[in-house]
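# Structural overview for review
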Amino acid sequence: MSFIEFIGRLEFVLRPVISFVPASLGVRAFTAGRNVYLPRFAHDVPSRSFEPPEELGVTAWGLRFRLPIWNAAGMFKSGAGYAMVAAEGAGAFVAGTTTSRQRKGNVVKGITWPSTQYPYSHSASNWMGLPNAGHAEVAAKLAKVRHVPGCPLGISVSAEPGLDEGLALPELMEGLRRYADAGVDYIELNESCPNVPGHDRHEALDSALLRRLDVVASEFLAKRTRPLPLVVKLSTDTSHEQIPLLVAALVDRGFDGMILGNTSTRYADLRRYVDRRDLAMYDHFTKTYGGGISGALLTRSSLESCTVAMEAVRALAPSHEFHVIRCGGVMTMEDIEASRRTGVLLNQWYVGYFENFAQHGHDLYRVLSERMRLSSVLTLS
Ligand SMILES: Cc1cc2nc3c(=O)[nH]c(=O)nc-3n(C[C@H](O)[C@H](O)[C@H](O)COP(=O)(O)O)c2cc1C
């Protein structure tokens, strides 16, 4: 077991302690630990590589994903980490989210990028505010990555929040071109971060979003010189009425798919599912920072949103390949199977990844693969 795996396991075992200390201290301690841990975690490449069995893979947009699951955006913001997850056997990798300008992210009361855990609810909150080094620096890093077959390399990008559209859109286009030149295999356009002003509209299809989609379609999608799928990531809070309209807007403009979705700000709705031992922390974090909720609290809503999206895709029957990717509360093999039953072939995880990492370390995709294989054998017999 590597030191990073040991710390991941230890933190998971000690996590419930957070419900016995004052919530403000809990946030401070967890955030500080996480800020030290994550950059080191990305470099902990296991000495043994795992290659998932061929039959568990998915082919989408002509790309081979060895497994139907990989990390959600935000885990490898700086672009480091590909070699690590590729050796673990992940279905793909995504770096970012990056913006055109470097961002410090949210710092409040001396806490840089406040985050916390809800251990008994298998969930988390963060209010980071998209800290990142910028498209240029991360694209230069990704250009040097050696791609492993079956593990596409993705990047998540966002237009610079708060910047006038006249500047933000050309800067976004420049970023997209840099990543295309850096050889990435797919791109996520993050239209869903609740932690920055301007990304928190759940009544989607606002005119600024449509203008961004138009510009990306005409200035980037239409000019691609190689297959380079671009999917749009929305919030899991996107209303069910809006999802078919969004699917149509994306299909019409030639986008390749959508991810449902990002973290939630439905604090009051989700509160009833929070374990009572996590309530003090939940109330403290959501009232003090707000932020986005992730993890098992989203399992149900991400599946429902994906179901609605898949119905819309089927009704539209696009003439090009369009995929819905599920993200939000994907924690287990059963969640991946539930996605597949709705027609969703691809999944991402953040909180679920770390819960599995704590238990299985770098063997997490090996263990998942064994379970998936066993499940398919049992289903067939
Ligand atoms: C600490 C943290 C940072 C995140 N940063 C980003 C980000 O930069 N870009 C993004 O699109 N999503 C970001 N997310 C959201 C995740 O990608 C994902 O959509 C969300 O956590 C729901 O998935 P989960 O329930 O599997 O955690 C972040 C989530 C967490 C917990």
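These lines cover the structure that appears in this document, whether it is placed above or below. Here the structure is a predicted model, which is why all the values come from computation and not from measurement.

Here is what the cut-offs are and how they apply
Numbers given for residues are sequential positions, taken from 1 along each chain in its written order. Per-residue local features are limited, in this predicted model, to residues with pLDDT of at least 70; the limit for side-chain atom pairs, both in listing and counting, is 80 or more; totals at the level of whole chains, interfaces and linings are taken over all residues. In DSSP terms, a helix is any run of H or I states spanning at least four residues, a strand is any run of E spanning at least two, and both are numbered starting from the N terminus. For the radius of gyration, the atoms used are the C-alpha atoms, and the globule rule reads 2.2 Å times the number of residues raised to 0.38. Here a residue counts as buried when 20 or more other C-beta atoms fall within 10 Å of its C-beta, as exposed when 12 or fewer do, and as partly exposed in between; the C-beta atoms come from the backbone. A residue pair is marked as a contact if its C-beta atoms, positioned from the backbone, fall within 7 Å. By definition, a residue lies near a molecule or strand when the C-beta atom built from its backbone is within 6 Å of it. Any residue that is not Ala, Val, Leu, Ile, Met, Phe, Trp, Tyr, Cys, Pro, Asp, Glu, Lys or Arg is counted as polar, Gly included; the first ten are nonpolar and the last four charged. Paired strands, in this sense, are two strands between which DSSP finds at least two bridges. To obtain an axis, a line is fitted to C-alpha atoms, over the contacting stretch when the element is a helix, and the angle between two such axes runs from 0 to 180 degrees between their N-to-C directions.

Quick look at the overall build of the protein now. Within the protein one finds 13 helices and 15 strands. For the protein, whose C-alpha radius of gyration is 19 Å, the value lies close to the compact-globule estimate of 21 Å for 381 residues. For the protein, with 381 residues in total, the buried portion stands at 49%. Across the protein, contacts joining residues at least 24 apart in sequence account for 79% of those joining residues at least 6 apart.

Moving on, we get to the site of the ligand. Around the ligand, 27 residues are found, and the nearest of them are Ala72, Ala73, Gly74, Ser294 and Tyr350. Counting only elements with at least two residues in the shell around the ligand, the list comes to strand S8 (123-126), strand S13 (292-295) and helix H12 (351-360). Residues of the shell around the ligand, tallied by class, amount to 12 nonpolar, 13 polar and two charged.

Our next topic: the pairing of S8. Here S8 shows two buried faces, one formed by Ser123 and Ser125 and the other by Ala124 and Asn126. Looking at chain direction, strand S7 (residues 115-118) and S8 are connected through four bridges and run antiparallel. Looking across to S8, one finds that Gln117 is bridged to Ala124. As consecutive antiparallel partners, S7 and S8 are separated by four residues, and within that stretch His122 has a phi angle of approximately 50°, a positive value.

For the rest of this paragraph, the subject is the sheet that holds S7. The strand order across the open sheet built from three strands is S7-S8-S13, with neighbouring strands paired in antiparallel fashion. Single-partner strands in this sheet number two, and they are S7 and S13. Geometrically, the sheet is characterised by an average inter-axis angle of 20° between neighbouring strands, direction not taken into account. Relative to the sheet, helix H9 (residues 279-288) contacts S7 and S8, its axis offset from that of S7 by approximately 155°.

So, on to the sheet that holds strand S12 (residues 257-262). Spatially, S3-S15-S14-S12-S11-S10-S9-S4 is the arrangement adopted by the eight strands of the open sheet, whose pairing is parallel. Pairing within the sheet leaves two strands with one partner each, and these edge strands are strand S3 (69-71) and strand S4 (93-98). Neighbour to neighbour, the strand axes of the sheet diverge by 25° on average, direction disregarded. The pairing of S3 with strand S15 (residues 346-349) spans three bridges and is classified as parallel. Directly across from Ile69, in S15, lies its bridge partner Asn347. Contacting S12 and strand S14 (323-327), helix H10 (residues 299-316) runs over the sheet at an angle of about 175° to S14.

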